[in-house]
Amino acid sequence: MNSFTSRLNSLFAFTLSVMAALTFGCFLTTVFNDHLRPVELNVAKVSVKNVPDYSADREKSDLGFITFDLFTDLGPIFNWNVKQLFLYLTAEYKTKGHVLNQVVLWDKIVERGDNTILDLRNANTKYYFWDFGNGLKGNDNVTLTLSWNVIPNAGTLPKIQGQGSHKIVFPDQYTAGRF
């Protein structure tokens with residue numbers, strides 16, 4: 001005959017198995033949802049300065065300044081299994097020294113119940129746009145894209161790139177003085 005603890009262990013294991021199966025079933029209901037959304041990006045102001053980078057080797061590096069406009073409606077992404085979205089605006093470009101450069105310029109967390117329509121006008125970047133050297137001055141292949149990670153209650157963590165990007169051209173001359 002089984003002891004009380006043996007029966008309790010069997011009941012606990014069965015309950016855990018049923019909960020795992022239900023969680024997997026819930027995950028399957030949203031795994032094939034489309035998380036793509038159109039994104040409208042524009043840049044209002046672009047400038048570049050050559051300043052010392054005191055966080056590294058104190059040599060002068062390019063520092064880009066951008067003000068941007070952003071519009072997107074992320075409401076259709078949210079369903080019962082989406083807890084929050086982690087949004088981030090990246091700049092991707094190439095220079096003579098590096099084939100691929102990616103810099104995160106801005107980020108935001110949108111939780112369920114928050115306003116899902118993002119309408120930013122003349123927004124400043126949240127993080128500095130440093131280059132490893134002098135690769136921003138005159139660079140004409142900088143592409144801004146908005147991406148997001150979907151944080152679900154159960155399931156995978158998809159990384160989605162929004163539909164739409166914006167190419168910007170940095171000026172050929174450094175900006176003098178304050179911005």
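Our subject is the structure listed above.
Summarised in this report is the structure supplied together with it. (Residues numbered from 1 in each chain as written. Predicted model: local features only at pLDDT ≥ 70, side-chain atom pairs only at ≥ 80, totals over all residues. Heavy atoms only, no water.)

### Notes on the packing of aromatic side chains
Taken as a whole, this structure holds five aromatic pairs when the rule is applied. When the centroid spacing of 6.1 Å and the interplanar angle of 70° are considered together, the rings of F68 and W106 count as edge-to-face. Taken together, the residues span a long stretch of sequence, with F68 in strand β2 (residues 60–73) and W106 in strand β4 (residues 101–111) at a distance of 38 residues. Both residues of the pair, F68 and W106, count as buried. (Phe/Tyr/Trp six-rings, centres within 6.5 Å; stacked < 30°, edge-to-face > 60°. Helix = DSSP H or I, 4+ residues; strand = E, 2+ residues; numbered from the N terminus. Buried < 20%, exposed > 50% of the residue type's maximum accessible area, 1.4 Å probe, protein only.)

### Comments concerning the environment of P171
In this fold, P171 is placed in the segment after β8 (159–168). When neighbours within four sequence positions are excluded, P171 is seen to be in contact with V46, S47, V48, K137 and G138. (Contact = heavy atoms within 4.5 Å.)

### Let's talk about unusual backbone geometry
Even without being a glycine, N122 presents a positive backbone phi close to 50°. Along the chain, the position of N122 falls in strand β5 (residues 117–124). Relative accessible area serves as the criterion here: at 52%, N122 is assigned to the exposed category.

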